[in-house]
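Chain by chain, the residues:
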Amino acid sequence: MAALCRRFTGFHFLLVLVSLSISSLVFGDWIGDDEGEQFTEELLLKPLPDRKVLAHFHFQSTAHPSPDSGHHHHLFPKAIAQLIWNRAPCDAVGHFMVQKFQIRDLELSFTQGRWNYENWGGSDPISSTNAKPPGVELWATFNVPVVEIDTTWKNLTHALSGLFCSSINFLESSTSYTTPSFVFGLNVSNIRYGALPREAVCTENLTPWLKLLPCRDKAGLATLLDRPSIYKGYYHSQKLRLTSTKLSGIILEQTLTIVLQPNIQRNSAHSLLDGAIQPSWSISSMFKRNLTGSCVLARTSRILVELEKNIVSKLEELGHGGSWSNSLLDLSPNPFRVIKEVNPFPEESNSILFEYVNSKEYEPLDVGIKWKLPFVWSSPHAPFHASRFLMGSGTERGSIAISLQSTKSDEYFRSKSNECRMQAVVFQVVPWYVKVYYHTLQIFIDQKLQNLSDVIEKIRVTPSEDKKLPGTLELVLGYPCTVQSVALTLDFDKGFLHIHEYPPDANQGFDIPSALVTFPNLHSSRIYIGDDSSVHSPLLLKFQEKNVVLSYTEVLLVPFTTPDFSMPYNVITFTCTVLALYFGSLLNVLRRRIGEEERLMRSKDANKRGLIPSIVSKITSKLRGMPGSKPLLIFAVVLSVLFHYIVN
Amino acid sequence: MAVKEEGDTSQQGKKSRSRLILRLGALLVAHSGLVSVVCCAAGIIAFILLPVLANNTYISENALMPGSADPAFSSQEVLDANRLTMDILNRGAAKASGIEIAKLLREYIVAVGAESYYHKFVPRANKFHPLHFFSSTTDNLDLPANPSCGSFILNAVGIIRAPRGDGKETIVLVTPYNSQNTTYSDAVSLGIGFSIISLLSHVTWLAKDIVWLAADSRYGEYMTVDSWLKDYHGPAFPGETSRIVDDACFEENNSDSLDHIKVEGHNSYVYKRAGTMAAALVLKVVDKKEKEERDSLSIYAEASNGQMPNLDLINIAHYLAVHRQGLRVKIGSIIYFLKASWVKLLGEMLQHITTLAKLLNPKWKLDITSADYVEGTATLASSIYYQALGVPTGSHGAFRNYQVDAVTLEFSPRSSLNNENVRSAFLLKTGRLIEGVIRSVNNLLEKFHQSFFLYFLTAPHKYVSVGIYMIPFGILIAPLPIVAAALFSSNNGSSNKDGSWKWLQAAKVVFLIHLWAMITSLLPYVLLQLPLVTPSSFTSAWAAVAICFLLITYLILWSSSIDCGWELLKSVMIVAAAIGLSLMSVINFSTAQIGAMLIVPMCLLVKPARKQTQGVFAKALMLTSNLALLVVAFPPAALLIAKTLFGASGNIDIGDFWEWAQILWSWNSATYMYLLWIHLPCWVLCLNIFLYPCIGSSSKA
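All values derive from a computational prediction rather than experimental measurement. (Residues numbered from 1 in each chain as written. Chains lettered and ligands numbered in written order. Predicted model: local features only at pLDDT ≥ 70, side-chain atom pairs only at ≥ 80, totals over all residues. Heavy atoms only, no water.)

### Some words on the overall build of chain B
In step 1: Assigned secondary structure in chain B consists of 26 helices and 11 strands.
In step 2: In chain B, buried positions account for 53% of the 701 residues.
In step 3: The long-range fraction of contacts in chain B, counting pairs at least 24 apart against all pairs at least 6 apart in sequence, stands at 84%. (Helix = DSSP H or I, 4+ residues; strand = E, 2+ residues; numbered from the N terminus. Buried < 20%, exposed > 50% of the residue type's maximum accessible area, 1.4 Å probe, protein only. Contact = heavy atoms within 4.5 Å.)

### A word on helix α8 (residues 309–318) of chain A
All names here are of chain A.
In step 1: Along α8, the positions that sit buried rather than exposed are Ile311, Val312 and Leu315. In an axial view of α8, the angular spread of the buried residues amounts to 100°, which keeps them on one side of the axis.
In step 2: Looking one or two residues past α8, Gly319 carries a phi angle of roughly 95°, positive in sign. (Arc of directions from axis to C-beta.)

### Re the packing of helix α25 (residues 655–666) of chain B against helix α26 (residues 670–690) of chain B
Residue and element names in this part refer to chain B.
In step 1: Between α25 and α26, the shortest axis-to-axis distance is 7 Å and the interhelical angle comes to 125°. One element, α25, and the other, α26, form an angle in the oblique class. Across the interface between the two elements, Trp660, Ala661, Leu664 and Trp665 of α25 pack against Thr671, Tyr672 and Leu675 of α26.
In step 2: Of the residues that constitute the contact of α25 with α26, the class distribution is 6 nonpolar, 1 polar and no charged. (Axes fitted to C-alpha atoms, helices over the stretch in contact; angles between N-to-C directions. Parallel < 35°, antiparallel > 145°, perpendicular 65-115°, else oblique. Nonpolar A, V, L, I, M, F, W, Y, C, P; charged D, E, K, R; others polar.)

### Description of the UniProt feature "transmembrane region" (unreviewed entry) in chain A
In step 1: Mapped onto the present numbering, the UniProt feature "transmembrane region" (unreviewed entry) falls on residues 569–590 and 631–647 of chain A.
In step 2: For residues 569–590 of chain A, the helix share is 100%, the strand share is 0%, and the end-to-end C-alpha distance is 31 Å. (UniProt positions renumbered as here; feature names shortened; annotations may be inferred.)

### Side note on helix α16 (residues 420–443) of chain B
In step 1: Taking 1.5 Å per residue, 24 residues should reach 34 Å; α16 of chain B reaches 34 Å between its end C-alpha atoms and fits that length.
In step 2: Looking at where α16 of chain B begins, the residue whose side-chain oxygen comes 3.1 Å from the main-chain nitrogen of Asn421 of chain B is Asn419 of chain B. (Expected span 1.5 Å × (residues − 1). Polar contact = N/O pair within 3.5 Å; in protein donor to acceptor, adjacent residues only side chain to side chain.)

### Comments concerning the packing of aromatic side chains
Residues and elements named next belong to chain A.
In step 1: Counting across every chain of the model gives 42 aromatic pairs over all chains.
In step 2: Judged by centre distance (5.6 Å) and plane angle (50°), the rings of Phe110 and Phe164 are tilted. One end of the pair, Phe110, is in strand β3 (residues 103–112); the other, Phe164, is in the loop between α4 (146–163) and β5 (177–178), and 54 residues separate them in sequence. Each member of the pair, Phe110 together with Phe164, is buried. (Phe/Tyr/Trp six-rings, centres within 6.5 Å; stacked < 30°, edge-to-face > 60°.)

### Side note on the sheet that holds strand β14 (residues 368–371) of chain A
Residue and element names in this part refer to chain A.
In step 1: What the 3 strands build is an open sheet, ordered β9-β14-β11; its pairing is antiparallel. Each having just a single partner strand, β9 (281–282) and β11 (329–332) make up the two edges of the open sheet.
In step 2: Bridge count for β9 against β14 is 2 bridges, and the pairing is antiparallel. Bridged to Ser282 within β14 is Gly368. (Pairing = 2+ DSSP bridges.)

### Section: unusual backbone geometry
In step 1: The amide bond that connects Ser332 of chain A to the next residue, Pro333 of chain A, takes the cis arrangement and shows omega of -10°.
In step 2: The residue Pro333 of chain A is located in the loop between β11 and β12 (337–342) in this model.
In step 3: For Asn305 of chain B, which is not glycine, the phi dihedral falls at a positive 55°.
In step 4: Mapped onto the secondary structure, Asn305 of chain B falls in the loop between β7 (296–300) and α11 (311–324).

### Points about the sheet that holds strand β17 (residues 421–430) of chain A
All names here are of chain A.
In step 1: What the 5 strands build is an open sheet, ordered β20-β21-β17-β24-β26; its pairing is antiparallel. Since the sheet does not close on itself, it has two edges, and those belong to β20 (456–462) and β26 (547–552), each with one partner. Within this sheet the neighbouring strands show an average axis-to-axis angle of 20°, counted without direction.
In step 2: For β17 and strand β24 (residues 516–524), the ladder comprises 3 bridges, and the chain directions are antiparallel. Opposite Val426, over in β24, you have Val517 as the bridge partner.

### Some points on the layout of surface pockets
Using a probe with the size of a water molecule, rolled over the atoms, empty space left in the structure can be pinpointed.
Residue and element names in this part refer to chain B.
In step 1: Computed from the structure, the second largest pocket encloses a volume of approximately 1,500 Å³.
In step 2: Around the second largest pocket, the lining is made up of 45 residues, and of these Phe337, Tyr385, Ile594, Ala642 and Phe646 lie nearest the centre.
In step 3: Per-element tally for the lining of the second largest pocket: the top contributor is helix α14 (residues 370–389), with 10 residues.
In step 4: Its residues assigned to classes, the lining of the second largest pocket comprises 35 nonpolar, 9 polar and 1 charged. (1 Å grid on protein atoms, 1.4 Å probe; cavity = no way out; pocket = protein on both sides within 12 Å on 5 of 7 lines; lining within 4 Å. Points joined across faces, edges and corners; volume = space filled by probe spheres on them.)

### Here we look at the nonpolar core
In step 1: Formed by 77 residues in total, the largest nonpolar core has its most connected members in Phe57, Leu106, Leu108, Phe287 and Ile303 of chain A.
In step 2: Here Leu108 of chain A is in contact with Val136, Glu137, Leu138, Leu160, Phe164, Ile168, Gln238, Lys239 and Leu240 of chain A, once residues within four sequence places are set aside.
In step 3: Counting residues in hydrophobic clusters, the runner-up holds 75 residues, among them Ile384, Val464, Val572 and Ala596 of chain B. (Core = buried A, V, L, I, M, F, W, Y, C linked by side-chain atoms within 4.5 Å.)

### A closer look at the state of the cysteines
Each disulfide consists of a covalent bond between the sulfur atoms of two cysteine residues.
In step 1: This structure, assessed with the given rule, holds 1 disulfide over all chains.
In step 2: Across a sulfur-sulfur distance of 1.7 Å, Cys215 of chain A and Cys295 of chain A are joined as a disulfide pair. Between Cys215 of chain A and Cys295 of chain A, the S-S torsion sits near 65°, and that sign places the bridge as right-handed. Of this pair, Cys215 of chain A sits in the loop between α5 (203–211) and α6 (227–231) while Cys295 of chain A sits in the loop between α7 (283–287) and β10 (300–307), placing them 80 residues apart in sequence. Residues Cys215 of chain A and Cys295 of chain A agree in their burial class; the two are buried.
In step 3: We note that Cys165 of chain A lacks a disulfide partner, and the nearest cysteine sulfur, in Cys202 of chain A, lies 11 Å from it.
In step 4: No disulfide involves Cys686 of chain B; its sulfur sits 4.4 Å from that of Cys603 of chain B, the nearest cysteine. (Disulfide = S-S within 2.5 Å.)

Rendered as structure tokens:
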């Protein structure tokens, strides 16, 4: 069987190789809809209000399920395909078809830095899908029976941790993942969620991520990923989103969202206060690389430049809406197409996308914006800004507070109706060693303590279990839209851990992963004109999806009492001393015969000697190791203890 | 230790049937007089030797790496600092309202791209909270009935988010200034603070967030910093009253600046936070008139109840100041000791002894010059004094309540700051120093835990750790239990019938006196309700009521006709004092050390004045020493003596005692409790024994 198997795979491999070479010889560009595999690459650039630039890379590979292809793919990364349909090598023969991790949906993100919801936007599609908490976040839904989910999850974490050179396998332990029931709006029981806030993100995670691309970073948009420039940014989030359905096959979205600061010339003292002047930038100045040509395997390769609606409204004021070269800014080179957003509120301006097609092989496509006038605008905010902090002092107890502060941004939303009600879902996972008392939940709305039943529409609490389960709080709050601030507080006790339960770097404190606040009745979706079949852009399709507006809060650091980790040594020496003393005296007692000793003493008293002769005799007896060594022993032990103390 | 060994060797010859430990104990008790003399002398000598035993400081945490990077603070930042300084002085002179400077600072902070907000609070006076000694969180907000604009304090706060950091930790920089009377040095310190912010807003190495608090110290900088910290660690909901005042006071400001919308914004009063605090630096500039040859830096570190920041924090500041910026580092010292001739004499003697000791064993690193000794003693004295007082030496003390390590760095230029060159060089040095300290703390992965928390400083680079300074204290209080046991056993031995329970009578007396002392300590709470005005009237009322209560206590004691010999009374009193001192040494070591130096000799020596002793000379000696100790150990008397000794000139008023006590309790100092719960009853009992009427009733030789 095994021999047959090997032969067959070898034959198959040869076949593929031959067919590959033939097809590439015959059709210069054979990558198409045949085989049902597609790859697209897109880059979105967007100036941000605080003199920074957002770059969002979107790579999408799709593999349609086709019985012929089996487990071989032309473009689709095999490692990922195996995550979903992992078949034994001999499955073509029809024997044991092992479906390894029946993943329906998976999202894995590696993030460094924090998304600035105030300046970079909180309600647009980019922020609601690509703003992620620092560290690693992973959630997945499975297509397996409920009892198998946990084992599948554990295997999945190991597979991913090997694939991405990271310690995702720490999510294997039941203390670090949880089962949210309604936060993600998905099926109740088959989802698992886990986060590692302390995971450092670096190039070693990017390289395997790039290896999933058909051109890696050798051609196409990915060539822009110059490591020093992208890791110098203010936010760096690489994400992998996997969805698989029977109908459409597997869709693998790989996105990389970075926020970069174009170089600012700090030449004079005045430049400091001229905060309104936006820095001019171009692709080559930001990435220190030139973009020449696309990945030949990509079906489309394009660059989009987005101007937010607040910029557009300013442009319209100046009288040139939608033009790319005007008195405010200069976009170069000329875009291939202009795509406008359609807004349900016609009186407002809409954002504009300028599209560039990345096709020229020899001439670098250097998209850039040159600002001519000082200009200040603001990004669209989420209606409430979520933040979280610790309260109290001391190493014994404290409380977690989550506050939602109104940003007063959605004026239209506010004016719409007085009885409009806002919904907010709070999802908070707390490690078991932070013992949260959920009954102490207090909710303040506009600084007034509320009756919980008035505010909470739905709540689900999974209390933590020592060394087994993290505590999970899911909460749906409902309150009027006109509210200024909402605050939740929860008291906790800091657990007292066993010495081996402390994580590495225990002296820094322990992390509480980010809480997630979503606003289920707000969606960040955009509709574009000119979105006909000719603009078949997965990125724009993504923007048109109805995504819930959400925001992640800060990671919290809880300082704990930590033992002196060098203490075991001291304890060992101390215990040994005590044991020695104990056994010494015990042996002494067992050995002793009191009556005999008294008789001896009496006889000694009879022939009493002077002080000095007796000392001399004692010393000589001690030297000979004769009875009477007990005081010497004790004296030596006392001395050694003292010596140990002084030396330490 | 020495005593034990001595006992051990002298015991060798003796033959007794009991166990060795018991024999040793019995020996010590039998020779309690000798033991107590030896121990007291050894304890005090070892205490005096502490400056000799001090070790050089070293940076214990390797991650700090101070001075390993070149400072980026350049003349550009100096220009920034100068510009802000000038702006503050110009604007501050133009408009005298307290919020002008805060607004200006916020504009500047926003301009460099940092987040910023106003922190606003109503100052409130410290009150006597008898039960709030160890919990500094007072949550009763007693707002004035009709708050006016002037009663609010507005601080400008800037936050730099670390570009790639996760925002879990933060470093706080505080620059106090007085908004009503902004001096030139205040403006310069704000300038330095801003230049640091402007530098850090574009550095790439930042891993922790930076918070800059420009604290308006109109009503005291401690209160401002403390209230900001309280809000940081509390819910910080701006109350309804403050919102009303908001509208009333800041309306015109919001309307006049349409072009400042981005500066003011709608949420400029929303309190923002930035993670757990890793360390805090309070930065001050003092413009001294007299010239020195170098710019200098004074470090203040004592927080409430003798808590100190981690020694590493002081070490970094000292290392960078001395080895990188060439500043002269000073730490508070008591001038009396610098000038006292007896200290100098002692120093010379020690110099000779240590050179002799070095001849014996060159490995002993004990050599100290006389000048070093004098300076070490003066610095140690100030270190002990400020720790014992229990009152923080600056606004860094507020951070300690939240387990945050903080120091105050007070810079003073070598000559007046009006000189352009002097100022630029000064700004460059201070800026680079602070940048270096922040960078070091930023390198830190863990919280400060490597180095010492319990130490005294004898010089900026020398420390005495807890392992060393506990020894003199231990030796000093060791005779207390021995003497107590000796007195008890001698008394028990003499009167055998029902004598074993006689000590309960003595314990009752001691308990009643302690109860009296406790009531006395709570009296100020009642007195504050009375319509008294001057501190002297408070003092006299306090003293009068306390004495009345004491007399009542004695009446109760006499009416119940308790007759327990003075030996038993002394024995129980000594036990109480020993327990009290040991407890206090855990809470605030310095207080316990100073207290022990006063109490222990008094407790050991005290004897009824009427007791017959052989020899007139011995009796006179005993009487005078008893009297002297009784006078010195009385807290007000001790205060007076200290005041005259340490050169506080001027007339001494009765009211001073009240003010002094007020300082102690308003800062939640445990020293207040020590003085009134341990020291005072002990003193009263000693006085009681000294004036004991019935000698010979129980003590017969």
